[in-house]
Amino acid sequence: MGFEKMWRELLPIGRASGGGYRRFSWTSADRECRAWFAEEADRRGLTLEEDRNGNLFAWWDVSGDRRDAVLTGSHLDSVPDGGAFDGPLGVVSALAAVDLLRERGVTPARPLGIAVFAEEEGARFGVACLGSRLLTGAIDPVRARALRDGDGVTWADAMSAAGNDPAAIGPDPDLLAGIGCFVELHVEQGRALETPVGVASAIWPHGRWRFDFTGQGNHAGTTLLRDRRDPMLPFAHTVLAARDAAARHEAVATMGKVRVTPNGVNAIPSAVQAWLDTRAPDDAAVRATVGDIRAAAENAAREHGVEVALAEESYTQVVDFHAELRDRLAKALGGAPVLPTGAGHDAGILSAHVPTAMLFVRNPTGVSHAPEEHAETADCLAGVEALAAVLEDLVSP
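Just so it is clear, the structure is predicted and the values come from calculations on it, not from any experiment.

## With respect to the overall build of the protein
Per the secondary structure count, the protein includes twelve helices and 15 strands. Over its C-alpha atoms, taken along the principal directions, the protein stretches across nearly 80 × 45 × 40 Å. Counting all 397 residues of the protein, 53% fall into the buried class. Taking the contacts inside the protein whose residues are at least 6 apart along the sequence as the reference set, 77% of them involve residues at least 24 apart. With an accessible surface of roughly 16600 Å², the protein has 50% of that area assigned to carbon and sulfur atoms. For the protein, the separation between the mean place of its 38 positive charges and that of its 56 negative charges on side chains is 3 Å.

Have a look at this one:
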């Protein structure tokens, strides 16, 4: 089994000086990751295909009939300075699981595919799970083409520069119709799992919102406090209000990205853009949390003579994974623990169209989306064994 060798080869790609990763869609690091996956697929004689949305699929297609396929895989892109395991663990484990099945002489009665979904993190263009959203029709292609990164580059321009046709993006019902089920392996992103491998029950509802605070730029030294229309002040108030609202509604709320204009030490900002991430066990709690945060932002903006607008950039309702498939996975693993998660995944997007389930590999520290993210090698190998067992069960006659 080549898990450890593949992991060592992938590990340096897109690594930043601080130890985290910057594998953003359509960048050089992304191209290297995609080339690595293509090479691994070729080594195994898998048929590599790229859909119109930039998602990659490597098929172990014994019969040539692509109906009722079993699909696994994850993503290779990262959040800014993210950890090594989030996404890549599922891709490397899927390739290693295919190796195990072949070593055991398994001949799939159903097509078996490994997916690498594009822009899962939304780190460059702001919408999480963009590749799977485009595939399933969960986002308008017109909106997707117009999404911009921090430098103003659109998704369409970045895709074109990579040699893809942005005019062709959008839903692919034929591809979806051929997927019988999807099983995604992922590192757990908390500390709830005490055994090496677990099964997901559900994904909390979650979304992203953008606040635009607009004030008046001015001189930091000559503008009296009473004359200021400083958008940083209502923004700061909103950050604190987000923490309070989340605690009231038993949710989590994070403002982890902010863009200040003109971003000068001796200049009062003219504008602040800030992004809110909110998640909770149910939709009502998410909406109530965001409503309270919005009200706090509007009140603070009025107090400081600042305008504020709120835009919802993405939202995913609660995902309950396919009960029969979930139970089948747990049984195939001898009664593995079943647990929910507050993290979003491509599996959650696909679940509206195909039976979907997830496996989690233990994360001893609970740290994720940071360089310290970690899973023990023994647990990763247990994850490969678990995925192979699940896939063998699903592709058997």
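## Remarks on unusual backbone geometry
Cis geometry is found at the peptide bond from threonine 261 to proline 262, where omega equals 5 degrees. Examined against the element boundaries, proline 262 turns out to sit in the loop between strand 9 (252–261) and strand 10 (267–268). If you check the backbone angles, asparagine 263 has positive phi at about 70 degrees while not being a glycine. Structurally, asparagine 263 is set in the loop between strand 9 and strand 10. For histidine 369, which is not glycine, the phi torsion reads 60 degrees and is therefore positive. Mapped onto the elements of the fold, histidine 369 is located in the loop between strand 15 (356–361) and helix 12 (377–395). Relative accessible area serves as the criterion here: at 36%, histidine 369 is assigned to the partly exposed category.

## Digging into helix 3 (residues 88–103)
For helix 3, which comprises 16 residues, the first-to-last C-alpha distance of 23 Å matches the rise-based estimate of 22 Å (1.5 Å per residue) to within 8%. Counting buried positions along helix 3 yields 14 of 16 residues, so the element is predominantly enclosed.

## Some words on the pattern of salt bridges
Between side chains of opposite charge, a pair can form as their charged atoms come close. Considering all chains together, one arrives at 21 salt bridges under this definition. Salt-bridge contacts for aspartate 292 lead to arginine 248; the nearest nitrogen and oxygen are separated by 3.2 Å. Here aspartate 292 is found in helix 9 (residues 283–303), whereas its partner arginine 248 is found in helix 8 (residues 232–248), with 44 residues between them in sequence. With relative accessibility at 29%, the residue aspartate 292 sits in the partly exposed group.

## Some words on the side chain of aspartate 277
Along the chain, the position of aspartate 277 falls in strand 11 (residues 271–279). You can call aspartate 277 buried: its relative accessible area is 17%. A polar contact of 2.7 Å, which involves the side chain of aspartate 277, links it to the side chain of arginine 279. Residues in contact with aspartate 277, not counting those within four places in the same chain, are Gly207, Arg208, Val252, Ala253 and Thr254.

## Section: helix 8
Given a rise of 1.5 Å per residue, 17 residues ought to cover 24 Å, and the 25 Å separating the end C-alpha atoms of helix 8 matches this to within 8%. For helix 8, every residue scored as buried is listed here: Pro234, Phe235, Thr238, Ala241, Ala242, Ala245 and Ala246. Looking down the long axis of helix 8, one finds its buried residues gathered within 130 degrees of arc, a one-sided arrangement. Set apart from the buried face of helix 8 by more than 90 degrees, the exposed residues are Leu240, Arg243 and Ala247. Against strand 7 (206–214), strand 9, strand 11 and helix 9 lie the buried residues of helix 8.

Reading the values: rules and limits
- Residues numbered from 1 in each chain as written.
- Predicted model: local features only at pLDDT ≥ 70, side-chain atom pairs only at ≥ 80, totals over all residues.
- Heavy atoms only, no water.
- Helix = DSSP H or I, 4+ residues; strand = E, 2+ residues; numbered from the N terminus.
- Buried < 20%, exposed > 50% of the residue type's maximum accessible area, 1.4 Å probe, protein only.
- Contact = heavy atoms within 4.5 Å.
- Areas by Shrake-Rupley, 256 points an atom, 1.4 Å probe, with all protein chains shown as cover.
- Lys, Arg positive; Asp, Glu negative; His and termini not counted.
- Charge placed at Lys NZ, Arg CZ, Asp CG, Glu CD.
- Expected span 1.5 Å × (residues − 1).
- Salt bridge = Lys/Arg side-chain N within 4 Å of Asp/Glu carboxyl O.
- Polar contact = N/O pair within 3.5 Å; in protein donor to acceptor, adjacent residues only side chain to side chain.
- Arc of directions from axis to C-beta.

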